Amino acid sequence: MRSGFTLLELLIAVAAFAIVLAAINTVFYGAVRLRNRTATTLDESLPLEHTLAYLRRDLAALVPPGGVLFGELQTTPTATSSDMANRGALPTTGLSSRPGVRSPEFHTATGALDDTSPWAEVQRVSYFLAASTNGSAGSDLFRSVTRNLLPSFQEPPSVQPLLTGVQGIYFTYSDGTQWKDSWDSTTEPSRLPVAIKVQIQRAAAESGRPLPPPVELVVPILVGGAATNDVTL
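Scope of this entry: the structure provided in the associated data block. (Residues numbered from 1 in each chain as written. Predicted model: local features only at pLDDT ≥ 70, side-chain atom pairs only at ≥ 80, totals over all residues. Heavy atoms only, no water.)

What follows concerns the overall build of the chain. Counting its regular elements, the chain contains two helices and seven strands. Its helices and strands taken in sequence order, the chain reads α-α-β-β-β-β-β-β-β from the N to the C terminus. Counting every position in the chain, which comprises 233 residues, the buried fraction comes to 33%. Partitioning the intrachain contacts of the chain with sequence separation of at least 6 by distance along the chain shows that 59% fall at a separation of at least 24. Summed over all atoms, the accessible surface of the chain reaches about 14,000 Å², with 60% contributed by carbon and sulfur. (Helix = DSSP H or I, 4+ residues; strand = E, 2+ residues; numbered from the N terminus. Buried < 20%, exposed > 50% of the residue type's maximum accessible area, 1.4 Å probe, protein only. Contact = heavy atoms within 4.5 Å. Areas by Shrake-Rupley, 256 points an atom, 1.4 Å probe, with all protein chains shown as cover.)

So, in structure tokens, the structure goes:
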């Protein structure tokens, strides 16, 4: 007599297989969703990291004022305390680059040099916000670079897009004892600040939602630049 599976045994095997298949399906699609969220997070964070890298490099390589290519560092605050508070409870000191308003012009030694470059490594850099072109919340942040700083030849700056969805960008300057919302290298005892703090306020993802916390970057300035050219040995 040939033996075989009973109907009950087949039902138990099918139920066990269905349970295992459901578990595999849950783990697989959970991993896919995690991968998609990770990829989205990385895609959103890369432009910000790219922007912070540019800011850190430009500010860390500031050159002391004086000479043909080394301009003064002169800033003026462009946002009031109430304006900045309305933009997300940021500190009441700083410079806000709203659409149409530029940041200070930084003379920095970040220009790439090669055998074919007709200019020096010193370049003039500024950051500014412009109205968004894709309809997203906030404004677009751009980096403006002028390579040829000779007075006899005025070269139009090149503009580089950096970041979208920006509510404001704020600069403050440390003299070693306090943070200031403006800096004038022609009157400060030290031609350059001890450090520069940058705060980037991102816009809310949806209308009516609170602003996210600002992203803060503090860059120490290692080259101070004395107010005199005298050298004491």
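Structure's up, so let's keep going.
This next bit is on the nonpolar core. Formed by 27 residues in total, the largest nonpolar core has its most connected members in Leu 55, Phe 171, Ile 196, Val 198 and Ile 200. Mapped by element, the contributors of at least two residues to this core are helix 1 (7-60), strand 2 (123-131), strand 3 (139-146), strand 4 (158-174), strand 6 (195-202) and strand 7 (215-220). Counting residues per element, this core draws most heavily on strand 4, which supplies six residues. Setting aside anything within four residues of it in sequence, one finds Ile 200 in contact with Leu 48, Thr 51, Leu 52, Leu 55, Leu 163, Val 166, Gly 168, Ile 169, Pro 214 and Val 215. (Core = buried A, V, L, I, M, F, W, Y, C linked by side-chain atoms within 4.5 Å.)

Moving on, we come to the side chain of Arg 143. Structurally, Arg 143 is set in strand 3. Using a relative accessible area of 4% as the deciding quantity, one classes Arg 143 as buried. Here Asp 58 takes part through its side chain, which lies 2.9 Å from a polar atom of the side chain of Arg 143. (Polar contact = N/O pair within 3.5 Å; in protein donor to acceptor, adjacent residues only side chain to side chain.)

What follows covers the packing of aromatic side chains. A complete count under the given rule lists three aromatic pairs for this structure. Summarising the aromatic geometry, the rings of Phe 106 and Phe 171 are spaced 5.7 Å apart at their centres and angled 45° between planes, so their arrangement reads as tilted. Of this pair, Phe 106 sits in strand 1 (residues 106-108) while Phe 171 is found in strand 4, placing the two residues 65 residues apart along the sequence. We classify Phe 106 as buried; its relative accessible area is 0%. Phe 171 sits in the buried class, given a relative accessible area of 0%. (Phe/Tyr/Trp six-rings, centres within 6.5 Å; stacked < 30°, edge-to-face > 60°.)

Moving on to the pattern of salt bridges. Summed over all chains, the structure comprises five salt bridges. With its nearest N and O atoms 2.8 Å apart, the salt bridge here joins Arg 191 to Glu 72. On the criterion of sequence distance, the pair formed by Arg 191 in the loop between strand 5 (179-180) and strand 6 and Glu 72 in the loop between helix 1 and helix 2 (81-86) is long-range, its members being 119 residues apart. Relative accessible area serves as the criterion here: at 30%, Glu 72 is assigned to the partly exposed category. The partner of Glu 188 in a salt bridge is Lys 180, with the nearest N and O atoms 3.2 Å apart. Overall, Glu 188 belongs to the buried group, its relative accessible area being 13%. One connected set of salt bridges, linked through shared partners, spans Asp 175, Lys 180 and Glu 188. (Salt bridge = Lys/Arg side-chain N within 4 Å of Asp/Glu carboxyl O.)

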